[in-house]
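Each chain is listed here by its residues.
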Amino acid sequence: MQTELNEYQMRDKKRSEELQEIIEQIVVELNLLDTNATWKAEAVDESEHFITNTRSVTNDEGEEIHLYNRDYGSERGKLTCSGLYPKHKGKYINAKRYDESEPSIMFSYTKGFDKIAKDIVKRFLPDYRELFKRTVEQIKCTAEYEQNLETRSREISKYIDLPLSSSNCTINDGEYRIIIRGEISGTIDTDRKSTRLNS
């Protein structure tokens, strides 16, 4: 049985529906301006207990924009545009350096859908895509490192009586010299097939 919404829930639901309409119009304009990908507004599973003021806009390249409705204080009526980045092993990864901030812009959604889309394309997407690309490369390097480590760990396990895996070993500086973590510490030079272990 559906519970009747109270005054505040009705207000939030109306704002949420208005936001969805705004986002869908922005996506229409965005697809006219951005020829590198096809964007779409993600559907939101809303109920009387979950009214969100955030929308996701995604494309076929894996990029994802978050548009957050600022509905309080001096920022009321403004949208904040930020981005999400690729996942590795179920976790979002971001190749942002310590001395830089994530791309983000803010604008009033009363300025017109076409102008908002232009802001996103000109002021947000270039920096976001540069960081997105770096993140993809970082994940690729990480995956290659992990695969290399796992392969070498299995190879070494064949000639020493020690269970090895990527969870308890590290390759230092790109060399095939594996540092074992755990109860036994030491190094294994995989080129010379020699070991120095301390229990």
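Everything numeric in this text was worked out from a predicted model, so none of it was measured.

Draft legend 1. Spatial organisation of helix α1 (residues 7-33). In this model, α1 (27 residues) spans 39 Å end to end at C-alpha, consistent with the 39 Å of a helix rising 1.5 Å per residue. Along α1, the residues that are buried comprise S16, L19, Q20, I22, I23, I26, V27 and L30.

Draft legend 2. Examining the side chain of E64 more closely. Tracing the chain through its elements places E64 in strand β3 (residues 64-70). Looking at E64, its side chain comes within polar contact range of the side chain of S56, at 3.0 Å. Excluding residues within four positions of it along the chain, E64 makes contact with S56, V57, T58, S82, G83, L84, Y92 and Y128.

Draft legend 3. The arrangement of the nonpolar core in detail. Grouped together as the largest cluster of nonpolar side chains are 25 residues, with contacts concentrated most on I65 and I120. Elements with a contribution of two residues or more to this core: α1, β3, β4 (78-84), β7 (105-108) and α2 (113-157). Among the elements that take part in this core, α2 stands out by supplying eight residues, more than any other. Not counting residues within four places of it along the chain, the set of residues in contact with I65 comprises W39, R55, S56, V57, C81, S82, G83, I120, F124 and L125.

Draft legend 4. Representation of the sheet that holds strand β2 (residues 54-59) in the model. In space, the five strands of this open sheet follow the order β1-β2-β3-β4-β7, with antiparallel pairing throughout. Among the strands making up the open sheet, the edge pair consists of β1 (39-41) and β7. Across the sheet, the mean angle from the axis of one strand to that of its neighbour is 25 degrees, orientation sign disregarded. Across three bridges, β1 lies against β2 in antiparallel orientation. If you follow K40 over to β2, its bridge partner there is T58.

Draft legend 5. Region of interest: unusual backbone geometry. The backbone of K89 sits at a positive phi, close to 55 degrees, despite the residue not being glycine. Looking at where K89 falls in the secondary structure, it is placed in the loop between β5 (87-88) and β6 (91-92).

Draft legend 6. Here's a closer look at the packing of aromatic side chains. With the rule as written, the count across this model stands at four aromatic pairs. Aromatic side chains Y85 and Y128 sit 5.1 Å apart centroid to centroid with 50 degrees between the ring planes, which places their arrangement in the tilted category. Here Y128 lies in helix α2 and Y85 lies in the loop between β4 and β5, a separation of 43 residues in the sequence. This pair shows no difference in class: Y85 is buried, exactly as Y128 is. Plain terms: the ring middles of Y85 and F132 are 6.5 Å apart, the flat faces sit at 35 degrees to each other, and that makes the pair tilted. Here F132 lies in helix α2 and Y85 lies in the loop between β4 and β5, a separation of 47 residues in the sequence. Considered together, Y85 and F132 belong to a single accessibility category, that of buried residues. Pairwise contacts between aromatic rings join Y85, F124, Y128 and F132 into one cluster.

What counts and how
Residues numbered from 1 in each chain as written. Predicted model: local features only at pLDDT ≥ 70, side-chain atom pairs only at ≥ 80, totals over all residues. Heavy atoms only, no water. Helix = DSSP H or I, 4+ residues; strand = E, 2+ residues; numbered from the N terminus. Expected span 1.5 Å × (residues − 1). Buried < 20%, exposed > 50% of the residue type's maximum accessible area, 1.4 Å probe, protein only. Polar contact = N/O pair within 3.5 Å; in protein donor to acceptor, adjacent residues only side chain to side chain. Contact = heavy atoms within 4.5 Å. Core = buried A, V, L, I, M, F, W, Y, C linked by side-chain atoms within 4.5 Å. Pairing = 2+ DSSP bridges. Axes fitted to C-alpha atoms, helices over the stretch in contact; angles between N-to-C directions. Phe/Tyr/Trp six-rings, centres within 6.5 Å; stacked < 30°, edge-to-face > 60°.

By themselves these figures say nothing about function.
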